[in-house]
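Here is what each chain is made of, one letter per residue.
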Amino acid sequence: MRQFIRILYPLTLLTLVTTVSACLPAQQPTDPAPTVTPMPQLPQNIRYLALGDSYTIGESVPESARWPVQLANLLAERNIRTDLTLIARTGWTTDELWAAMQKQDIAPPYELVSLLIGVNNQYRGLSAEAYRESFRFLLGKSIAYAGGDPQRVLVLSIPDWGATPFAALDHRPAGQIADEIVRFNVINREETEAAGARYIDIAPGSRDARTDPSLIAEDGLHPSGKMYAAWAQSALPEALRALGITP
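Attention here is on the structure that accompanies the text. The model shown is predicted, which means the values in this text are computed figures rather than measured ones.

Overview of the overall build of the chain
- Scanning the chain from terminus to terminus reveals 8 helices and 6 strands.
- Order of helices (α) and strands (β) in the chain, N terminus to C terminus: β-β-α-α-β-α-β-α-α-β-α-β-α-α.
- Residue pairs at least 24 apart in sequence account for 78% of intrachain contacts in the chain once pairs closer than 6 positions are excluded.
- Summed over its atoms, the accessible surface of the chain is roughly 12,100 Å², and 55% of this surface lies on carbon and sulfur atoms.

The following block contains the structure:
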């Protein structure tokens, strides 16, 4: 699997319309002022770096269904042209993500950076304390890649894979998995808020997979494009605010 892709999302060319109003004679001051038609918003070009694991690279779904790609498409609908770079691979822990990042040609500053990492730390039984330290480090790197502005960094919580059919094959009960995910998410939320970055909690919605099989990909573990679409919709308002745009 490729661990690094770069995608450019083109926008439809805007048609600019200028309304020309005739000048009114000076002796008619009581006439209403001519209506001014606002010019359409010109395209905004941004660079977006998405960091993570299988949830960012979109294991078991087409490239077009990955949540960062769907977020880029939502931004395109708002006339924001996105140059997207993904550094992610299925199975990566925080340490493995950092090792891969050091081998990539990362070229800050980026207008937007997202970070979703930690499920494999939990899955492998690595400690929550070690996760806090490594997550804090990666968050600091993400902020640096965003030009030192934490408000341009989006952190997503870890989804609860205990709600998937795959979890039934694991030796740990679903309740234990959920509790561990909650513990890790408390950590990444605390670190995100302390750093002043933006936090998007997608974990509660991931548990809807218990009753909605369409939210899970064919492998029985990873999210489907439908769930990723919900993540992109949840991230959109914060992404717009990060870009200085009112949702």
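Anyway, onward from the coordinates.
A word on the pairing of strand 3 (residues 80–88)
- For strand 3, a buried count of 8 out of 9 residues is recorded, marking the element as mostly surrounded by other parts of the structure.
- Across 9 bridges, strand 2 (residues 44–52) lies against strand 3 in parallel orientation. Paired with Tyr-48 across the strands is Leu-84, a residue of strand 3.

Digging into helix 8 (residues 225–242)
- With 18 residues, helix 8 should cover 26 Å at 1.5 Å per step; its first-to-last C-alpha distance of 24 Å lies within 8% of that length.
- When helix 8 is considered as a whole, its buried residues turn out to be Met-227, Tyr-228, Trp-231, Ala-232, Ala-235, Leu-236, Glu-238, Ala-239, Leu-240 and Ala-242.
- Gly-244, located one to two residues past helix 8, shows a positive phi value of around 80°.

Focus: the nonpolar core
- One finds Leu-51, Trp-67, Leu-71, Leu-75, Leu-97, Leu-115 and Trp-231 to be the most contacted residues of the largest nonpolar core, which totals 69 residues.
- Sort the elements by how many residues they give to this core and helix 8 lands first, with 9 residues.
- Beyond its immediate chain neighbours, meaning those up to four positions away, Trp-67 contacts Tyr-48, Tyr-55, Thr-56, Ser-114, Leu-116, Leu-156, Tyr-228, Trp-231, Ala-232 and Ala-235.

A few points about the environment of Asp-208
- Tracing the backbone shows Asp-208 in the loop between helix 7 (203–206) and helix 8.
- Separated by 19 residues in sequence, Asp-208 and Met-227 place their C-alpha atoms 9.5 Å apart.

Points about the packing of aromatic side chains
- For the structure shown, the criterion picks out 7 aromatic pairs.
- Summarising the aromatic geometry, the rings of Tyr-55 and Trp-231 are spaced 5.9 Å apart at their centres and angled 70° between planes, so their arrangement reads as edge-to-face. Of this pair, Tyr-55 sits in helix 1 (residues 54–57) while Trp-231 is found in helix 8, placing the two residues 176 residues apart along the sequence.
- A relative accessible area of 4% means that Tyr-55 is categorised as buried.
- What links up through ring pairs into an aromatic cluster is the set Tyr-55, Tyr-228 and Trp-231.

Focus: the packing of helix 5 (residues 128–145) against helix 6 (residues 174–195)
- Running from N to C, helix 5 and helix 6 cross one another at 35°; their axes reach a closest spacing of 10 Å. Helix-helix and strand crossings are classified by hand; for helix 5 and helix 6 the assignment is right-handed. Between helix 5, through Ala-128, Tyr-131, Arg-132, Phe-135, Arg-136, Leu-139 and Ile-143, and helix 6, the contact on the second element is made entirely by Arg-183, Phe-184, Ile-187, Asn-188, Glu-190, Glu-191, Thr-192 and Ala-195.
- By residue class, the composition of the contact of helix 5 with helix 6 is 8 nonpolar, 2 polar and 5 charged.

Quick look at helix 6
- In this model helix 6 runs 31 Å from its N-terminal to its C-terminal C-alpha over 22 residues, within 8% of the 32 Å that 1.5 Å per residue would give.
- Residues of helix 6 that are buried: Ile-177, Ala-178, Glu-180, Ile-181, Phe-184, Asn-185, Ile-187, Asn-188, Glu-191 and Thr-192.
- Directly after helix 6, the chain includes Gly-196, whose backbone phi takes a positive value near 85°.

Things to note about the pattern of salt bridges
- Here the structure, examined in full by the defined rule, presents 14 salt bridges.
- With its nearest N and O atoms 2.8 Å apart, the salt bridge here joins Glu-191 to Arg-132. Pair noted here: Glu-191 is in helix 6 and Arg-132 is in helix 5, with a separation of 59 residues, a long-range link.
- The buried category is assigned to Glu-191, whose relative accessible area is 10%.
- Across the salt bridge formed by Arg-198 and Glu-238, the nearest N and O atoms sit 2.8 Å from each other. Remark: Glu-238 occurs in helix 8 and Arg-198 occurs in strand 6 (residues 198–200); sequence separation between them is 40 residues.
- Given a relative accessible area of 12%, Arg-198 falls into the buried group.
- Salt bridges here are not isolated pairs; linked through shared partners, they connect Arg-132, Arg-136, Glu-190 and Glu-191.

Basis of the calculations
Residues numbered from 1 in each chain as written. Predicted model: local features only at pLDDT ≥ 70, side-chain atom pairs only at ≥ 80, totals over all residues. Heavy atoms only, no water. Helix = DSSP H or I, 4+ residues; strand = E, 2+ residues; numbered from the N terminus. Contact = heavy atoms within 4.5 Å. Areas by Shrake-Rupley, 256 points an atom, 1.4 Å probe, with all protein chains shown as cover. Buried < 20%, exposed > 50% of the residue type's maximum accessible area, 1.4 Å probe, protein only. Pairing = 2+ DSSP bridges. Expected span 1.5 Å × (residues − 1). Core = buried A, V, L, I, M, F, W, Y, C linked by side-chain atoms within 4.5 Å. Phe/Tyr/Trp six-rings, centres within 6.5 Å; stacked < 30°, edge-to-face > 60°. Axes fitted to C-alpha atoms, helices over the stretch in contact; angles between N-to-C directions. Left-handed = near helix turned anticlockwise from the far one by under 90°. Nonpolar A, V, L, I, M, F, W, Y, C, P; charged D, E, K, R; others polar. Salt bridge = Lys/Arg side-chain N within 4 Å of Asp/Glu carboxyl O.

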